[in-house]
Amino acid sequence: MTTTYAVLSEGLAKRFGTVRAVQGLDLAVPQGTVCGVLGPNGAGKTTAVRLLTTLLRPDAGSARIAGHDLVRDPAGVRRRIGVTGQYASVDGDLTGRQNLRLFARLHRIRDAAARAAELLDRFGLTEAADRPASTYSGGMRRRLDLAAGLLRRPDVLFLDEPTTGLDPASRKQIWEAVRAVKEQGTTVLLTTQYLEEADRLADDIALVDRGRVAHTGSPSHLKALIGSYAEAVVADTDLLVKAAGVLDRLTGAEPSLDRERNAVGAVTTDPTLTLPRLVRELDAAGVPLLDASLRPPSLDDVFLRLTGHLADSKEPAA
Amino acid sequence: MSTWAYDGTAMVGRQLRRVRNNPGLAILTQTMPITMLLFFGYVFGSALAVPGKEYRSFLVPGLLAATAAGGIMTGMFQAAADSHRGVMDRFRSLPVSRTAVPLGQAAADLVVTAAGTVPLLLVGLAVGWRVEGTVPEAAGAMGLLLLFRFACTWIGIFLGLLTRSEDAAGQLGGATFVLPLLSNAYIPTGNLPGWLRTLAEWNPISAVTTALRDLFGKAPVPRGAAWPVAHPVAGALAWSAALIAVFLPLAVRRYTRGEG
């Protein structure tokens, strides 16, 4: 069986003046999966989504979205996609219900009122439905925006940083909604700055750096590649040296010392090195611990490892 | 119903709902000329050699034309707000006819303007302005007025899509306030120095104002005026048609292309 791709792009490029926002974007998202486009601010994520959703015309490259050619048949693409922007793109002067009814009408949905009511209910907005959207909280607006993107049951749903700036409870609601969308068979392409978000939602992660896809793989693949960061905090310098020896033996990696905090840490890709084992080994070596942790890598770790530079370095590529 | 008509109707509905939910700007732009009629008509009018009542009758058509020119500001403000806040992107990502969104905005604006003109006409009647033309002439005057408003709104929509800035729209609001000062809306242009008179009479607002004075009030066309004022109805029609012919395609193109 051959894989059908809901999103297939080759060499998509867009420049604004001298800034190459996207330079040669290659993406292949199999139908029915969630693709997480992960990258820091300024990596070109938003431009990539704007290109793929026909909001921008590419300078070069091609793409097929749900079988429609992006450049030759943008109207066909628009019929098959749903878009939710980074900033809630609903009309603040209209109520939630009026917004959804309008977008439903423009989607040629026969019973626009019923469909609007259904989605308001699904996203917990029924109570606020008749208030202007400008009075909504950030989370409510984002939910309304997501509902607007789902009115016509799109083949591909594009979400541009759906949870940036949201509180943890709202973030969870959005995550659940994305999972439910996937359950219904919709392909989802979401951009995010959060490794955790990509990890939880995505089947595949495309790491974007300076307008290019730097690395692609499943979250576990990426994590295995990057490893975790094991750290021990102790009381004094003597213990620090002792702890460093244990970490060296356990991880096989060069431990880095933080003498101000009396902390020592090392990167590990060994799946058998769990937090209990880390604590037991240090304890057995006679190192009284003040604190110990085994944390997943941060986006900075990921970037440093896979691109060779830090995520926040923004100088444009030559 | 054809695609753009269906989409356009939905967009008109959206704009009207928007004004109903948030009527501030519409009320402000429609009550402003009433304030000016009373202020200019009684304060300035008393200082002028012309009798006050005569000046107020002179002023009403000028204020109608000046308010129509305010469509530049309103159109720009709404288009800029939509672009800036991302609603425009939502529309552009939908399978919607490319002309429907700006056309819906312009058409809805006509409905609001037509309704908003009524209070000014009533206050005008109360302070001594009279309709002396026939019913068809008066209807023609209203039609001309709305056509000119429609043209001005397209200028505004284009500028709003171009700048994407509500602040810029606000600043331009001040500029559109100055435009009628350089026309025959508030003063007769006959006594202006030659070059200033030419400039003022080629201002589209002058042709529209003169046409309204002619159709509503049977006022004689000023002697020795520039062509659009000397032939006010043809002048007003020509100006409106020219502005629409330039700015409608520009606005639609801008909307289709987005920022890139």
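The shown structure was predicted, so the numbers you read here are calculated from the model rather than taken from an experiment. (Residues numbered from 1 in each chain as written. Chains lettered and ligands numbered in written order. Predicted model: local features only at pLDDT ≥ 70, side-chain atom pairs only at ≥ 80, totals over all residues.)

Visitor: I'd like a description of the overall build of chain A, backed by residues and values.
Guide: Counting secondary structure elements, chain A contains 11 helices and 14 strands. A principal-axis box enclosing the C-alpha atoms of chain A has dimensions of 75 × 45 × 45 Å. Burial statistics for chain A: of 318 residues in total, 45% are counted as buried. Within chain A, residue pairs in contact and separated by at least 24 positions form 66% of the contacts whose partners lie at least 6 positions apart. (Helix = DSSP H or I, 4+ residues; strand = E, 2+ residues; numbered from the N terminus. Buried ≥ 20, exposed ≤ 12 C-beta atoms within 10 Å, placed from the backbone. Contact = placed C-beta atoms within 7 Å.)

Visitor: Any chance you could break down the overall build of chain B for me, citing the residues and the numbers?
Guide: In terms of regular secondary structure, chain B is built from 12 helices and zero strands. Listed N to C, the secondary structure of chain B is α-α-α-α-α-α-α-α-α-α-α-α in terms of helices and strands. In summary, chain B has a C-alpha radius of gyration of 19 Å against a globular reference of 18 Å for 260 residues, a match within 12%. Taken along its principal axes, the extent of the C-alpha atoms in chain B is 60 × 35 × 35 Å. Put simply, of all contacts in chain B between residues at least 6 apart along the chain, 80% involve residues at least 24 apart. (Rg over C-alpha atoms; globule rule 2.2 N^0.38 Å.)

Visitor: Mind laying out the nonpolar core, listing which residues take part and the relevant values?
Guide: Ranked by size, the top nonpolar core spans 140 residues in total, and within it Ala 65, Phe 148, Trp 154 and Val 208 of chain B carry the most contacts. No other element matches helix H7 (residues 135-163) of chain B, which puts 14 residues into this core. In this structure Phe 148 of chain B touches Ala 65, Ala 68, Val 208, Ala 236 and Ser 240 of chain B, once residues within four positions along its chain are discounted. Core analysis: the second largest hydrophobic core is formed by 14 residues, Ala 232, Val 234, Ala 244 and Ala 266 of chain A among them. (Core = buried A, V, L, I, M, F, W, Y, C linked by C-beta atoms within 7 Å.)

Visitor: Break down the environment of Lys 223 of chain A for me, with residues and values.
Guide: Residues and elements named next belong to chain A. Assignment of secondary structure puts Lys 223 in helix H8 (residues 219-226). Assessed through the 19 C-beta atoms surrounding it within 10 Å, Lys 223 is described here as partly exposed. Lys 223 sits 129 residues away from Leu 94 along the chain, and the two C-alpha atoms are 44 Å apart.

Visitor: I'd like to hear about the packing of helix H5 (residues 138-149) of chain A against helix H6 (residues 168-183) of chain A, residue by residue, with values.
Guide: Residues and elements named next belong to chain A. With their axes 10 Å apart at the nearest point, H5 and H6 run at an angle of 15° to one another. Overall, the two elements H5 and H6 adopt an arrangement that is roughly parallel. Judged by the twist between their axes, the crossing of H5 over H6 is right-handed. Contacts between H5 and H6 pair Gly 138, Gly 139, Arg 142, Arg 143 and Leu 146 from the former with Ser 170, Gln 173, Ile 174 and Ala 177 from the latter. The residue inventory of the contact of H5 with H6, partitioned by class, reads three nonpolar, four polar and two charged. (Axes fitted to C-alpha atoms, helices over the stretch in contact; angles between N-to-C directions. Parallel < 35°, antiparallel > 145°, perpendicular 65-115°, else oblique. Left-handed = near helix turned anticlockwise from the far one by under 90°. Nonpolar A, V, L, I, M, F, W, Y, C, P; charged D, E, K, R; others polar.)

Visitor: So what's going on with the sheet that holds strand S9 (residues 204-209) of chain A? Residues and values would help.
Guide: Paired through backbone hydrogen bonds, the strands of a sheet run either parallel or antiparallel to each other. All names here are of chain A. Reading across the sheet, the six strands line up as S6-S7-S8-S3-S9-S10 and stay open at both edges, with mixed pairing between neighbours. The strands lining the two open edges of the sheet, one partner per strand, are strand S6 (81-84) and strand S10 (212-217). Taken pair by pair, the neighbouring strands of this sheet meet at an average axis angle of 15°, ignoring direction. Along the sheet, H6 makes contact with strand S3 (34-38), strand S7 (156-160) and strand S8 (187-192), crossing S8 at roughly 155°. (Pairing = 2+ DSSP bridges.)

Visitor: Got a sec to walk through the pairing of strand S2 (residues 19-30) of chain A? Specific residues and values, please.
Guide: Residues and elements named next belong to chain A. Bridge count between strand S1 (residues 5-16) and S2: nine bridges; the pairing is antiparallel. Looking across to S2, one finds that Arg 15 is bridged to Arg 20. Between S1 and S2, which pair antiparallel one after the other, the connecting turn spans two residues, and Gly 17 there sits at a positive phi close to 60°.

Visitor: Can you tell me about the interface of chain B and chain A, naming the residues and giving the values?
Guide: How big an interface is tends to be stated in terms of accessible area lost as the parts join. Across the contact, 19 residues belong to chain B and 26 residues belong to chain A. Counting residues per element, the side of chain B that touches chain A draws most heavily on helix H1 (residues 3-21) of chain B, which supplies six residues. Per-class residue counts for the side of chain B that touches chain A are five nonpolar, six polar and eight charged.

Visitor: Tell me what's going on with the environment of Arg 179 of chain A, and back it up with residues and numbers.
Guide: Here Arg 179 of chain A lies in helix H6. C-alpha of Arg 179 of chain A to C-alpha of Leu 201 of chain A: the two residues are 22 residues apart in sequence and 7.1 Å apart in space.

Visitor: I'd like a rundown of the packing of helix H2 (residues 24-47) of chain B against helix H6 (residues 100-126) of chain B, residues and numbers included.
Guide: All names here are of chain B. The N-to-C vectors of H2 and H6 enclose an angle of 20°; their axes lie 10 Å apart at closest approach. With respect to H6, the element H2 is oriented roughly parallel. As H2 packs across H6, the resulting crossing turns out to be right-handed. Here H2 contributes Ala 26, Gln 30, Pro 33, Ile 34 and Leu 37 to the contact with H6, which in turn contributes Val 112, Gly 116, Pro 119, Leu 120, Val 123 and Gly 124. When grouped by side-chain class, the residues that make up the contact of H2 with H6 number eight nonpolar, three polar and no charged.

Visitor: Just give me the short version of helix H12 (residues 232-257) of chain B, but keep the residues and values in it.
Guide: Residue and element names in this part refer to chain B. For H12, spanning 26 residues, the distance from its first C-alpha to its last is 37 Å, which sits close to the expected 38 Å at 1.5 Å a residue. Burial in H12 covers these residues: Pro 232, Gly 235, Ala 236, Trp 239, Ser 240, Leu 243, Phe 247, Leu 248, Ala 251, Val 252, Arg 254 and Tyr 255. As for H12, its buried residues are in contact with H6, H7, helix H10 (204-217) and helix H11 (227-230). Phi turns positive, to about 70°, at Gly 258, one or two residues after H12. (Expected span 1.5 Å × (residues − 1).)

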